[in-house]
Structure formats: structure tokens, C-alpha cells
Amino acid sequence: MSKKITLAVLLSGSGTNLQAIINSINNGKLQADIKIVISNNKNAFGLERAKQCGLKNLCIDDQAFKDRETYDKKLIQIISKENVDFIVLAGFMRILGSNFVKRFPNKILNIHPSLLPKYPGLNTHRKVLDNKDKEHGVTVHLVDEGLDSGPIIGFMKLDVSEGENESELESRIHKLEHFIYPKILSQLQEGRVLIDDSKIKIDEIFYENGKEYFN
Ligand code: GAR
């Protein structure tokens, strides 16, 4: 059995993805330690979840910093001390600048509620419905300096149902997120996902556009 991985989780909101990761650790499916949970938003319920689970948690309020560079510098300082294997963005609604991304190469993961590269940014469920897309999904990827961009590790799809509204779609997407994020973290822990340059190798197979996962 390979050793546990250590994580820093960054979030801005409700923290249901953080909760899914905590649950996977608690039920033995994911061998990991969350060393710190950081939010840029002091009102994020994700911080409360971290507290309730006895995890170290911290708000680094972005309102208190004059620009992205100084904010990122503070983040780098805090996260470096924790010496984690992976930085897990779980609804962290800020772009990380190039200093941050270069400081932690191949270590920053993000989950996004769309089939990237389609619909980076906000309101993805709305866009899917407005465009009458038949499919929607979630993507887990390595983070580069762009908005929701970087090499894709994995994705899951669902069919959009007739007459489905935005909140119904969002809740089905969340279910996929709560499955795939812990799953990919677990594969990373087991050494089954390797990152070579910007190519992702899972169980000895190279995936150019990410592996499709099934629930
Ligand atoms: C999730 O749907 C996640 O994919 C999304 O924020 C939500 C956070 O939910 N992330 C992005 O849109 C990143 N661009 P949560 O706080 O309940 O985990």
C-alpha cells in the first residue's frame, strides 16, 4: 500500500466537494490527510465544515489584498509550510497567477462543472440549458494559468433530461463531482495516475483529453 497523500483544500463556498473528500477519507476509500482548508471568503460554509471535522482552517480574505500577486504570495507562504502533495481546488473561485502555478507544478487540481474545454467560468448549468445541449458533465484537471484550463485527468458525463431545470441539473452534477474527485485523488495516491509533461497516464494508458469515468 502506497503512503497517504497530503492535501491542502481551497474553496470559496458551500464545500460539498470538501465534504465528499472528507467522507471518502473517513470511510477508508481515500488514503489522505487534509492538512489545511483555506478560503478566500470568510462566509464560506466550507470553513465551517472543516471546523466541524477538526481540520485546520483559515480564511485569507482576498478583499484585504491590493492585487493578485500579493494575495498569491500569501497563499504560497501558507501552503508551502504545509508541504502537501496536492492542492485541491474545490469551488475556489479565483484564478491563480503564474507565480503560484509555477511554484507547485503538476500539484494543483481543479474540478469544474462542465465538459471542458466547453464552458469555463460561471453559470455552466444555465449555459447548457440555454444552448439546449444534450450532454453535460464535470471535469477534473491540472491547473495552469488560465480560467478552468490545464491538462484534463478525467471527466464524467450525463444526459440532460427533458424539462430539467437549473437546480435539478446542478444537483445531478454535484453527485458526479462527489464521486469523481475522491476517485481521482485515490488513483493519484495509489500511483495509478502519472503526469508526464502535460500528458496524463492512468493505469499505463496515456489520455490526451482525459479518461472518461462511469458512476
Ligand atoms: C462545484 O460545482 C465546482 O465544480 C465549482 O464550484 C462548485 C463548488 O461547490 N467550481 C468551479 O466552478 C470552478 N471554476 P462546493 O462548494 O459545494 O464544493
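The residue count restarts for each chain, going from 1 along the sequence in the order it is written. pLDDT decides what is reported in this predicted model: residues at 70 or higher carry local features, side-chain atom pairs at 80 or more are listed and counted, and totals for whole chains, interfaces and linings draw on all residues regardless. Side-chain figures throughout are based on the complete set of non-hydrogen atoms in the structure, without hydrogens or water.

*Asks:* Looking at this structure, how should I read the site of the ligand?
*Replies:* In the vicinity of the ligand, 13 residues are found, and the nearest of them are Gly-15, Thr-16, Asn-17, Asp-148 and Glu-177. Two N or O atoms form a polar contact when they lie within 3.5 Å of each other; inside protein one atom must be a possible hydrogen donor and the other a possible acceptor, and for residues adjacent in sequence the pair counts only when both atoms belong to side chains. The contact in question runs from an oxygen atom of the ligand to an N or O atom on the side chain of Asn-17, over 2.9 Å. A distance of 2.4 Å separates an oxygen atom of the ligand from a polar side-chain atom of Glu-177. Protein chains shield 88% of the accessible area of the ligand, which is 450 Å² for the free molecule. Numbering of helices and strands runs from the N terminus; a helix is a DSSP stretch of H or I covering at least four residues, while a strand is a stretch of E covering at least two. For the shell around the ligand, the elements supplying multiple residues, two or more each, are helix H1 (16-26), strand E5 (108-112) and helix H6 (166-189). Charged means Asp, Glu, Lys or Arg here, nonpolar means Ala, Val, Leu, Ile, Met, Phe, Trp, Tyr, Cys or Pro, and polar covers whatever is left, Gly included. For the shell around the ligand, the per-class residue count stands at three nonpolar, eight polar and two charged. Throughout, the term near means that a residue has one or more heavy atoms lying within 4 Å of the molecule or strand in question. A 1.4 Å probe and the Shrake-Rupley method give the accessible areas. Residues count as covered only by the protein chains that appear here.

*Asks:* What is the right way to read the layout of surface pockets from this model?
*Replies:* Empty pockets left among the atoms are what a rolling probe the size of a water molecule brings to light. The way it works is a 1 Å grid over only the protein atoms, where trapped points that fit a 1.4 Å probe form a cavity and open points with protein on both sides within 12 Å along at least five of seven lines form a pocket, and then any residue with an atom within 4 Å of a point lines it. Grid points are joined across faces, edges and corners, and a volume is the space filled by probe spheres set on the points. The space that makes up the largest pocket amounts to roughly 700 Å³. Taken together, 33 residues make up the lining of the largest pocket; nearest its centre are Gly-91, Met-93, Ile-111, His-112 and Pro-113. Secondary structure elements with two or more residues in the lining of the largest pocket: H1, E5, helix H5 (124-130) and H6. For the lining of the largest pocket, the element with the highest residue contribution is H6, accounting for four residues. Estimates place the volume of the second largest pocket at around 210 Å³. Lining the second largest pocket are 13 residues, with Ser-24, Lys-29, Phe-179, Pro-182 and Lys-183 sitting closest to its centre.

*Asks:* So what exactly am I meant to see when it comes to the packing of aromatic side chains here?
*Replies:* Side-chain rings of Phe, Tyr and Trp, where Trp is taken by its six-membered ring, are said to pair if the distance between their centres is within 6.5 Å; with planes under 30 degrees apart they count as stacked, over 60 as edge-to-face, and otherwise as tilted. This structure, assessed with the given rule, holds two aromatic pairs. Taken together, a centroid distance of 5.2 Å and an interplanar angle of 85° make the contact between Phe-65 and Tyr-71 edge-to-face. A centroid spacing of 5.0 Å and a plane angle of 55° characterise the contact between Phe-100 and Phe-104, whose relative ring orientation is tilted. Both residues of the pair, Phe-100 and Phe-104, count as buried. A ring is considered to have a charge above it if a Lys NZ or an Arg CZ atom is located within 6 Å of its centre and within 35 degrees of its normal. It is Arg-94 that lies over the ring of Tyr-71; its NZ or CZ is 4.1 Å from the centre. The positively charged end of Lys-199 is found above the aromatic ring belonging to Phe-206, 5.6 Å away from the centroid. The cut-offs for exposure are 20% and 50% of the maximum accessible area for each residue type, with area from a 1.4 Å probe on protein chains only; residues under the lower value are buried, those over the upper are exposed, and the others partly exposed.

Just distances and angles here, no functional claims.
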